[in-house]
Structures are given as C-alpha cells and as structure tokens.
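Working through the structure, step by step
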Amino acid sequence: MLTQDNKLLLIGQVTDLTGIPIRTIRYYESLGLINSLRRTEGGFRQFSLDVLTRLAFIKRAQNLGLSLEEIGNILQVYDQGQTPCGEIKEKLEEKVLQIDHQIDQLLTLRSEIKGLLSGWKNISVHHENENTICPIIQRTSTLSN
C-alpha cells in the first residue's frame, strides 16, 4: 500500500476500497460522521482501517432510509461507548410507520387515477370553454377542492 503508515489509509485508498467518492468522504468528515486521524506532510488525510466499517454502516443506514442527521446521532451514541441498537430500532420503527403512510397515500392516489380513467370514455374531450384544459381533470379537481 502507498500509505505513510501501514495501518493508515489515504483518502484515495478509502475511495478505492469502499466505492465512496472522495467528495462524499470529505463531506462525511465535515459532518463529524468519520474522522481522519492525521495528515501527511503533504496534507493528505489518513484514516484508520475502522473507517471502512463506519462507512459501510453509514451507507447501509442510508439505504434503510435514515438521514445523515439520524446516522450522526446514532454514531454519537456508539462513540460514547454504548451500543446504539435501541436508537436504531426506534428509527426503523418510525420508518415503517412513514412507509405505511406513504403506501396509504399512494393507494388513495391510485384509486383516484383509476376512477378518472374509468370515466374517460363517458366524457367529451371537446373544450367546454376556453378556460378548460382537460375537462376530466378539471371537473374532478373543482369537486375535490
């Protein structure tokens, strides 16, 4: 490896090993999600190997829908020497409720669109007046407002 110290990784090596762009790694560092241990004489960041585990955790948590702020709070608990599984469980339970709410909203929207489409052939598509763009949508939107 091309590190100054065999136990430390340069930011480019972290990128190569994780697939996370340098810009993102710098951003995570600016948020305090990860820390470089020191810099080389040339000013390059050096990271310990545990940054790989931390970055993998951050990416997995993001994929589960957690925000960087939520991830930062979880990592603060971890950095204080505590296991953050309780906080993670709470956040994931909240995500499930949010997803259920989104599903309900999407099902309502789907039903509304299907209703519009089912009545399509019964409505004339000729302009009723010059203020009508599409009578099918405008008739139902004025009724629901």
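About the cut-offs
Residues numbered from 1 in each chain as written. Predicted model: local features only at pLDDT ≥ 70, side-chain atom pairs only at ≥ 80, totals over all residues. Heavy atoms only, no water. Core = buried A, V, L, I, M, F, W, Y, C linked by side-chain atoms within 4.5 Å. Buried < 20%, exposed > 50% of the residue type's maximum accessible area, 1.4 Å probe, protein only. Helix = DSSP H or I, 4+ residues; strand = E, 2+ residues; numbered from the N terminus. Patch = residues over 30% accessible without salt bridge, like charges linked within 9 Å, V, L, I, M, F, W, Y side chains within 5 Å. Areas by Shrake-Rupley, 256 points an atom, 1.4 Å probe, with all protein chains shown as cover. Salt bridge = Lys/Arg side-chain N within 4 Å of Asp/Glu carboxyl O. Polar contact = N/O pair within 3.5 Å; in protein donor to acceptor, adjacent residues only side chain to side chain.

Val14, Ile25, Ile34, Phe47, Leu55, Ile58 and Ile71 are the most contacted members of the largest nonpolar core, which has 18 residues in total. For this core, the secondary-structure elements that each account for two or more residues are α1 (11–18), α2 (22–31), α3 (50–63) and α4 (68–79). Among the elements that line this core, the one with the most residues is α3, at four residues.

Right, let's talk about a nonpolar patch on the surface for a bit. On the surface, a cluster of nonpolar side chains totalling about 500 Å² of accessible area is made up of Leu106, Leu109, Ile113, Leu117 and Trp120. Here Leu109 lies in helix α5 (residues 85–118).

With respect to the helices and strands, the residue Thr18 is situated in helix α1. Residue classification places Thr18 among the partly exposed residues on the basis of a relative accessible area of 28%. Counting along the chain gives 33 residues from Thr18 to Val51, while the straight-line C-alpha distance between them is 9.9 Å. One polar contact links the side chain of Thr18 to the main-chain amide nitrogen of Ile20, over a distance of 3.1 Å.

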